[in-house]
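This is what each chain is made of:
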Amino acid sequence: MKHLKSLNKKAQLINKAISPEEVEDVVAMQTVVGCTATTDPGWELDPFGGLGSLCQPMESDLYGCADACWWPAQVPDTMNTYPDWNKDVAKANEDWRKLDGIYEDGE
Amino acid sequence: MALNNNRLKRVLMGTGALALAGLLSPAALATDAQEIIRDRCLACHTESSDAANSTFSRISDQRKTPEGWHMTLNRMEHLRDAKISAQEKRELIKYLSDTQGLAPEEAAPFRYLLEQDTNLVESGVDENLMQMCARCHSAARFGLQRRTLDEWQMLVDFHMAQFPGIELHAGSRDRPWYQLAHNETSAQLSEQYPLDTPEWNNWSKAKKVDLKGRWRVTGYVPGKGEFSAWMTAATDDDGRYNLKLEGNYADGAVIEGSGKATVYTGYEWRGTLTIDSVKMRQVMAADKDGQVMAGRMFLAMEDEIGGELRAVKDTGKAQVVAVMPSYLKAGESAELVIVGQNLDGDIDLGDGVRIDEVIARSKDRIVVTATATGTPAVNDVQVGSADSTVALAVFDQVARVDVTPTNAVTRIGGNGGEMEKVRATYRAIGYSAGADGEAGTDDDVRLGYMPASWSIEPVDEVAEHDKDHLYAGEITPAGMFIPGDAGPNPERKMSANNVGRLNVVATVDDGDSKVEGRGSMLVSVPDFVERVLD
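This one's a predicted model, so the numbers in the text were calculated from it and none came from an experiment. (Residues numbered from 1 in each chain as written. Chains lettered and ligands numbered in written order. Predicted model: local features only at pLDDT ≥ 70, side-chain atom pairs only at ≥ 80, totals over all residues. Heavy atoms only, no water.)

Concerning the sheet that holds strand β24 (residues 407-411) of chain B
All names here are of chain B.
- Overall, mixed pairing links the four strands, which are arranged β24-β32-β31-β28 in an open sheet. Edge positions in the sheet fall to β24 and β28 (453-458), since each has one partner strand and no second. Neighbour-to-neighbour, the strand axes of this sheet turn through a mean angle of 35 degrees, independent of strand direction.
- Across five bridges, the pairing between β24 and strand β32 (residues 513-524) is parallel. Bridge pairing in β32 places Ala408 opposite Met521. (Pairing = 2+ DSSP bridges. Helix = DSSP H or I, 4+ residues; strand = E, 2+ residues; numbered from the N terminus. Axes fitted to C-alpha atoms, helices over the stretch in contact; angles between N-to-C directions.)

Remarks on the sheet that holds strand β17 (residues 353-361) of chain B
All names here are of chain B.
- If you walk across this open sheet you meet the five strands as β17-β18-β15-β13-β21, and the pairing is mixed. If you trace the sheet from one side to the other, it starts and ends with β17 and β21 (387-388), each paired once.
- Note that β17 and strand β18 (residues 365-372) share seven bridges and pair antiparallel. Residue pairing in the sheet places Ala360 in a bridge with Val367 of β18.

A closer look at the pairing of strand β15 (residues 333-341) of chain B
Residue and element names in this part refer to chain B.
- Examined bridge by bridge, strand β13 (residues 319-324) and β15 share five bridges and lie antiparallel to one another. Each residue of the ladder has a partner; that of Met324, found in β15, is Val337.
- In terms of strand pairing, β15 meets β18 through seven bridges, oriented antiparallel. Considered in β18, the bridge of Ala334 is made with Ala370.

A closer look at the state of the cysteines
Residues and elements named next belong to chain A.
- Overall, the coordinates contain one disulfide over all chains when judged by the stated rule.
- A sulfur-sulfur distance of 2.2 Å marks the disulfide that ties Cys55 to Cys65. Of note, the bridge from Cys55 to Cys65 carries an S-S torsion of about -100 degrees and is left-handed in sense. Taken together, the residues span a long stretch of sequence, with Cys55 in the loop between α2 (20-27) and α3 (62-66) and Cys65 in helix α3 at a distance of 10 residues. (Disulfide = S-S within 2.5 Å.)

Side note on helix α10 (residues 149-162) of chain B
- For α10 of chain B, with 14 residues, the first-to-last C-alpha span of 20 Å sits near the 20 Å given by 1.5 Å per residue.
- Those residues of α10 of chain B that are buried are in contact with β3 (62-64), α4 (66-80), α9 (139-143), β4 (145-147) and α11 (177-192) of chain B. (Expected span 1.5 Å × (residues − 1). Contact = heavy atoms within 4.5 Å.)

Regarding the pairing of strand β11 (residues 292-299) of chain B
Residue and element names in this part refer to chain B.
- With six of its eight residues buried, β11 lies for the most part within the structure.
- In this sheet, β11 lies alongside strand β10 (residues 278-286) in antiparallel orientation, the contact comprising seven bridges. When the bridges of β11 are listed, Met280 appears paired with Leu299.
- Remark: five residues form the turn of the hairpin made by β10 and β11, two consecutive strands paired antiparallel; Gly290 in that turn has positive phi of roughly 70 degrees.
- By the bridge criterion, eight bridges tie β11 to strand β12 (residues 302-313) in an arrangement that is antiparallel. The residue bridging Arg296 from the neighbouring strand is Glu308, located in β12.
- Hairpin connection from β11 to β12: two residues lie between these consecutive antiparallel strands. (Buried < 20%, exposed > 50% of the residue type's maximum accessible area, 1.4 Å probe, protein only.)

What about the side chain of Thr410 of chain B?
Residues and elements named next belong to chain B.
- Assignment of secondary structure puts Thr410 in strand β24.
- For Thr410, a relative accessible area of 0% gives the class buried.
- Those residues in contact with Thr410 that sit more than four places away from it in its chain are Val422, Arg423, Ala424, Phe481, Pro483, Met521, Leu522, Val523 and Ser524.

As structure tokens, then:
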């Protein structure tokens with residue numbers, strides 16, 4: 001790492017982390033029920049418990065970040081489970097208002 | 001205050017399955033339900049039978065809550081193309097959770113998820129299960145299931161096939177995740193949550209108490225306040241309970257509603273009522289004697305918005321069930337409402353509490369003005385010879401204020417988009433310092449919910465720099481947090497969403513002093529996947 005220079009905020013944050021163990025501790029942290037603790041990248045929180053390293057705004061690269069099934073409990077997995085979830089929203093940053101939720105028959 | 005958040009889709013798409021399931025006689029239900037399984041499920045599952053009973057492959061090797069079976073059936077419809085009518089689905093949920101449910105002790109640690117009370121950080125989760133399973137969804141989701149080893153392994157396999165990205169996350173890609181999950185985590189789960197347990201063995205054989213009758217109910221509705229009411233549960237022709245609820249909020253305003261309820265597994269109460277024109281749901285667990293039920297009531301369209309609910313059956317016995325508020329400041333007077341049933345005789349609020357006036361009195365509700373003339377104490381609330389475990393805390397000073405929920409997530413929404421805002425409601429709980437005179441120690445005395453004024457602040461320097469407190473939302477005087485609008489915000493750096501990390505601050509007035517408490521709030525992006533259980 002000593003020959004690499006951190007260029008963006010996320011890389012700087014990683015450099016600031018004192019040790020790999022410390023990063024592990026944060027990664028394994030528990031979150032409020034309904035949030036994901038998968039934070040590489042994260043949906044609700046970044047690996048440091050903040051928002052600075054999230055894909056923001058989330059609409060700008062939603063499909064790249066969600067990567068078809070990266071957070072299947074929060075963003076519909078379009079690989080297997082809900083392939084048509086975003087079929088009418090080619091550009092999330094323009095048509096984000098059309099993105100709807102999956103409402104399981106939950107009454 | 002408008003309680004509705006207009007999350008209409010959930011209601012329109014929902015069938016009310018859990019509250020609407022009929023209560024046929026157990027034998028008829030079992031025969032019918034097994035026939036439904038034969039008709040609808042045996043294209044994939046197989047039946048084995050001996051003289052005593054039938055078993056069905058996979059199905060018979062699992063136990064779940066009503067909500068858990070509901071999710072299973074949803075998945076079978078969505079992913080396996082099962083064709084099941086709404087009525088058949090209700091019958092199956094009822095039958096499966098009655099015959100392959102969870103014992104009260106088994107569900108007890110995870111009731112928050114059943115009650116949809118999810119603004120909390122789960123505690124006591126095994127580190128390995130946290131990393132392997134609960135990093136995507138709650139630990140309660142699997143904690144509310146019981147399976148054989150084979151079934152836990154097949155659940156792992158399902159995850160691997162359905163969500164292949166699971167191997168690539170941090171915490172997975174640095175180790176052979178699938179092998180560990182299939183071999184070791186499944187074994188751990190089958191030891192921790194096995195199919196056969198003494199608890200279920202006992203509960204499945206226990207005689208179940210019919211929960212019909214008249215219940216003295218106390219609870220809290222956000223924006224309206226604490227209430228006490230009578231709820232009657234009468235058996236309908238279809239076997240469900242018809243519910244009627246009538247009572248008063250603490251300020252005297254009427255609370256009134258009616259609806260239906262179904263009881264699963266002999267103790268899992270699921271009700272749907274329209275109260276003051278708003279559809280609400282009740283999730284409660286009955287105790288083994290069927291005398292007391294406890295849980296939560298919340299908006300059907302917005303399950304984050306709700307409050308605790310408790311029901312005590314009217315058996316003709318005199319009982320005190322609540323006092324509102326549950327505290328009185330030394331040297332001061334206040335109006336107190338004593339709630340109970342069959343109350344008769346002298347009112348006694350303990351040494352050092354003088355009753356100045358009985359403003360109103362009936363068998364189930366007594367309104368008094370009382371003055372605390374003595375020193376701080378926790379007094380029993382007595383009316384005649386009534387049973388009572390209710391206490392009135394006399395205090396001299398509010399030493400500490402806790403904010404509930406301590407940790408919460410809300411989500412941006414609205415702004416013309418499909419996703420509604422996910423809000424949160426807050427309450428402040430006051431404590432006195434207790435005998436050691438020091439706040440924050442084990443002997444602090446819980447006084448109860450207290451009126452508070454509410455504000456938000458950025459959680460740290462980064463949040464302040466990003467002006468989270470200006471963009472992420474606002475809190476109403478009643479403690480309802482309303483997150484910001486969805487969509488990129490050009491005013492923010494990189495057009496970030498109106499997300500933020502905030503503290504929610506409650507300020508309680510205690511005489512001339514003010515006491516603050518804080519809760520942590522994450523204002524996040526939408527959750528696009530809403531399961532029966534998260």
